[in-house]
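# Observations on the model geometry
What follows is the residue order along each chain.
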Amino acid sequence: MERSLHKVSGVQDVSVNIATERADVVSDRYVDHAAIVQAIEDAGYTVPAATTELAVAGMTCASCVGRVERALKAVPGVSEALVNLATERASVRGTAGLPELVAAIARAGYEATPVRSGEGAQDETTGRKDAERIGVRRDLIIATVLALPVFLMEMGSHLIPGVHDLLAQDMGLRTGWYVQFTLTTLVLAIPGLRFYTKGIPALLRLAPDMNSLVAVGTLAAYGYSLVATFTPDMLPAGTVNVYYEAAAVIVALVLLGRYMEARAKGRTSEAIRRLVGLQPKVARVRREGALVDVPVAEVTRDDLVEVRPGERIPVDGEVVEGESYVDESMITGEPVPVSKKPGASLVGGTVNQNGALTFRAMAVGDGTVLSQIIRMVEQAQGSKMPIQAIVDRVTMWFVPAVMGVATLTFGLWLAFGPSPALSFALVNAVAVLIIACPCAMGLATPTAIMVGTGRGAELGILFGKGEALQLLKETAVVAVDKTGTLTEGHPALTDLDVVPGFDRDRVLALVAAVEDKSEHPIARAIVDAAAEKGLALPPVTAFASETGLGVEALVDEERVQVGSARYMGELGLEPGAFAQAAGRLASEGKSPLYAVIGGRLAAIIAVADPVKPSTPSAIHALHALGLKVAMITGDNRGTAEAIARRLGIDEVVSEVLPEGKVEAVRRLRASHGRLAFIGDGINDAPALAEADVGLAVGTGTDIAIDAADVVLMSGDLKGVATAIGLSRATIGNIRQNLFWAFAYNVVLIPVAAGALYPQWGILLSPIFAAGAMAVSSVFVLGNALRLRAFRSMEHGWIITDAADIKEATR
């Protein structure tokens, strides 16, 4: 490989490391990245594809998105390119180098810079967008101040009787035109310059965009007015009119739309900014026996960090000293603070409540849960849904088609229009150019994805990719892993009934003392139950175990025996006193144990993996959404069906080995349709990957980002119904946006062309066209922003109609 790379022109030195699988190339001048990749491939090796994130400036509409994507895909080595208008980012996968990608975007007429990661990158992005918004606001103010007199001078004479005669007497018609010319020229040359510096070059490259439409429309009105003002003899009789107000007011209205759009775009990314703002800037670290305040970026693994009451946890870690409650709602969406003691895990960004804690840093920098959450949300917001492919195909030809319609409109009015035909032709052609709004089309899908995924993150639901939003909405059946998903994931003492004459705590202490000598999981559950009640375990002697039956020992010189019903039979005891309790336990899928103290039957005990308290309401919520629920478990059929009956689960797949879950997912999908699988995110990775949508139920730090499409940060199932409800609300919002964007153009372009004039004498002024164009984009953004009010799904309140966004965002 080194010999092959040395042959590339410009390469001075090469070092290939087989351990790191990296090639470091030193050159004395620019070397084409594609040539280096080709040299490696000629040597018989491959360069793995990498993903490059670029911030793209200058995009204004869906046509820009398609143009940038085509430019990037034409670069050798690029396998995939996704461009997002709302985030103003391009995600490129392949082996192409950064300089080639930036150059390709520059050739398309836009500016690109690499996206950095971390808080500094977010600050940089926010600063850039703030500067853009301030610039648009400044230009809007200038355009409004200059265009208002022009509008009043021209339109006032049409709206208010006597104004025309007054202006003609005091100023003179020609002088008034000169004033309008001066003010309009300033509007076009100062705040309107942005449209011409971008729109005209795009038009010359035969790749017109939204700026081109505004540029051609305003220049047409301005140019015609210029001829009417200074060389009126060039125009046919009866056509000497000026349209300065159209050019000036169009620029002001389009800038108003851009400003409102910029403000709305800023709100769509507030979720990311809030997440980034959760991480403290400084951490209090023990260094050389003293407490030192250091930047969070300088905290290293195994550092001891101290947190006082009310402060945010700076990085992920494990408590070594102190006790407190921590508000983890930013991770789980759950408002109830969580108790933290030595050994408990902490997540960076969460809030310490009432106690002081010292913890050992376990994950820092990009490895923290908060960093992973931010990365997932950014990836989801930058992705594209399948529905976006339709929009992309339409908008690719939209602007050229609009310019064609405008040209046709001009020709038809010039040939067949009433006198003065030239004036009618000009006004209607300009109206067609201005009314068309690919901005709304380009923003319809990505803004809803941004707001929906951001709101999901605030509710503890992380969408790994935008596509999962659409697929989750189409889900017909939800398959659920039992252990750790429906249940707590570890055995616990669920039942302890004692016969009259025995004290419950005394029985529990004696049984736990015996079981403490055993390593069986059931034994540990009983011991843990005694510990939770603070019971002291008496001393034990003469411990013995009867394999498959039970255990016995002397506790405080009293014989204690614990085991199954068969063990009781061998001891000559009849457990009939607990017949009713045993029947109830059997119906719940639990296997009872019996305790004998001093030769007398004392208690019936059940240890099981308890169902999470939130599971029943979560299953009910899924049913209310019209979904079938299936349980996949390795338990025996009797136990599995008992749990399914208790929870109202529709279908049970039992006695399944871990490797059999994938086949179970396939069978359920074949029977019911699109399937979502919910698992604990670790052992269920193959099934999560096989499902149409994989949802990992995490517990703060234990999240399966790689395997799952959606991660539920809280440890229970109720987030599933919320995720599906959010998916339905988001897709409904996107469909509303797309309907508005397309219907707006389908209806108003013919109106702008003059389709209503023959029958009703109605024409659309270019000024109203510009206003309508601005409104369409703001409408789409405003509709998407309504998703910010989406609430988590609660028992008894469920979205049943995805189109009813009012209810979805109550």
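Residues numbered from 1 in each chain as written. Predicted model: local features only at pLDDT ≥ 70, side-chain atom pairs only at ≥ 80, totals over all residues. Heavy atoms only, no water.

## Some details on the nonpolar core
Ranked by internal contacts, the top residues of the largest apolar core, which has 144 residues, are M59, L72, F463 and L695. With 15 residues, helix α28 (residues 718-753) is the largest single contributor of residues to this core. For M59, the contacting residues outside a window of four places in its chain are C64, V65, V68, V83, N84, L85, E88 and Y110. Counting residues in hydrophobic clusters, the runner-up holds 40 residues, among them F502, Y594, A602 and I605. (Core = buried A, V, L, I, M, F, W, Y, C linked by side-chain atoms within 4.5 Å. Buried < 20%, exposed > 50% of the residue type's maximum accessible area, 1.4 Å probe, protein only. Helix = DSSP H or I, 4+ residues; strand = E, 2+ residues; numbered from the N terminus. Contact = heavy atoms within 4.5 Å.)

## Quick word on the side chain of K340
Note that K340 resides in strand β12 (residues 338-340). For K340, the side chain forms a polar contact with the side chain of E328, separated by 2.9 Å. Every residue in contact with K340, bar those within four places of it in the chain, is listed here: V319, G322, E323, S324, V326, E328, S345, L346 and L357. (Polar contact = N/O pair within 3.5 Å; in protein donor to acceptor, adjacent residues only side chain to side chain.)

## Description of the pairing of strand β22 (residues 592-597)
In terms of burial, β22 is largely enclosed, as five of its six residues are buried. Relative to β22, strand β21 (residues 558-563) runs antiparallel, the two being bridged by four bridges. For G563, the partnering residue across the bridge sits in β22 and is Y594. Inspection of the sheet shows β22 paired to strand β23 (residues 600-608) by six bridges, in the antiparallel sense. (Pairing = 2+ DSSP bridges.)

## A word on the pattern of salt bridges
Per the stated rule, a full pass over the model turns up 26 salt bridges. In this structure, D556 engages R506 in a salt bridge whose closest nitrogen and oxygen atoms are separated by 3.6 Å. You can see D556 sitting in the loop between β20 (550-555) and β21 and its partner R506 sitting in helix α20 (residues 504-515), a full 50 residues away along the chain. Its relative accessible area of 39% is what places D556 among the partly exposed residues. (Salt bridge = Lys/Arg side-chain N within 4 Å of Asp/Glu carboxyl O.)

## A short note on a nonpolar patch on the surface
Nonpolar side chains collect at one region of the surface, where L408, L412 and F416 lie side by side and expose about 350 Å² of accessible area between them. Among the structural elements, L412 can be located in helix α15 (residues 398-416). (Patch = residues over 30% accessible without salt bridge, like charges linked within 9 Å, V, L, I, M, F, W, Y side chains within 5 Å. Areas by Shrake-Rupley, 256 points an atom, 1.4 Å probe, with all protein chains shown as cover.)

## Section: the packing of aromatic side chains
Tallied over the entire structure, the rule returns twelve aromatic pairs. Residues W740 and Y744 carry aromatic rings whose centres are separated by 6.2 Å and whose planes lie at 35° to one another, so their mutual orientation is tilted. Of this pair, W740 and Y744 both sit in helix α28, separated by four residues, roughly a single helical turn. Relative accessible area serves as the criterion here: at 28%, W740 is assigned to the partly exposed category. Among the aromatic residues, those joined into a cluster by ring pairs are Y178, F181, Y222, F230 and Y244. (Phe/Tyr/Trp six-rings, centres within 6.5 Å; stacked < 30°, edge-to-face > 60°.)

## So, the UniProt feature "transmembrane region" (unreviewed entry) in the chain
Mapped onto the present numbering, the UniProt feature "transmembrane region" (unreviewed entry) falls at residues 140-157, 177-197, 209-230, 242-260, 394-416, 422-445, 738-757 and 763-785. End C-alpha to end C-alpha, residues 242-260 measures 30 Å, and it is 89% helix and 0% strand. Along residues 394-416 the backbone is 91% helical and 0% strand, and the end-to-end C-alpha distance reaches 31 Å. (UniProt positions renumbered as here; feature names shortened; annotations may be inferred.)

## Remarks on helix α8 (residues 193-204)
With twelve residues, α8 extends 17 Å from end C-alpha to end C-alpha; this agrees with the ideal 16 Å at 1.5 Å per step. Among the residues making up α8, those that are buried are F195, Y196, G199 and A202. Projection of α8 onto a plane perpendicular to its axis shows the buried side chains occupying an angular sector of 155°, all on one side. Downstream of α8 by a residue or two, L206 has a phi angle that is positive, lying close to 60°. (Expected span 1.5 Å × (residues − 1). Arc of directions from axis to C-beta.)

## Here we look at the packing of helix α7 (residues 173-189) against helix α9 (residues 210-230)
Contact geometry of α7 with α9 gives a least axis separation of 11 Å together with a crossing angle of 150°. Judged by the angle between their axes, α7 and α9 are roughly antiparallel. Of the two possible hands of crossing, α7 and α9 adopt the one that is left-handed. For the pair α7 and α9, contact is made by R174, W177, Y178, F181, T184, T185 and L188 and by Y222, L226, A228, T229 and F230, respectively. (Axes fitted to C-alpha atoms, helices over the stretch in contact; angles between N-to-C directions. Parallel < 35°, antiparallel > 145°, perpendicular 65-115°, else oblique. Left-handed = near helix turned anticlockwise from the far one by under 90°.)

## So, the environment of M376
Following the sequence through the fold, M376 ends up in helix α13 (residues 369-382). Judged by its relative accessible area of 3%, M376 is buried. On a C-alpha basis, the gap between M376 and G176 in space is 59 Å, while along the polypeptide they are 200 residues apart.

## Here we look at the sheet that holds strand β13 (residues 345-346)
With antiparallel pairing, the six strands of this open sheet are ordered in space as β8-β7-β9-β15-β10-β13. Every interior strand has two partners, whereas the edge strands, β8 (290-295) and β13, have only one. As paired elements, strand β9 (residues 304-307) and strand β15 (residues 357-363) share four bridges and run antiparallel to each other. The residue bridging E306 from the neighbouring strand is T358, located in β15.

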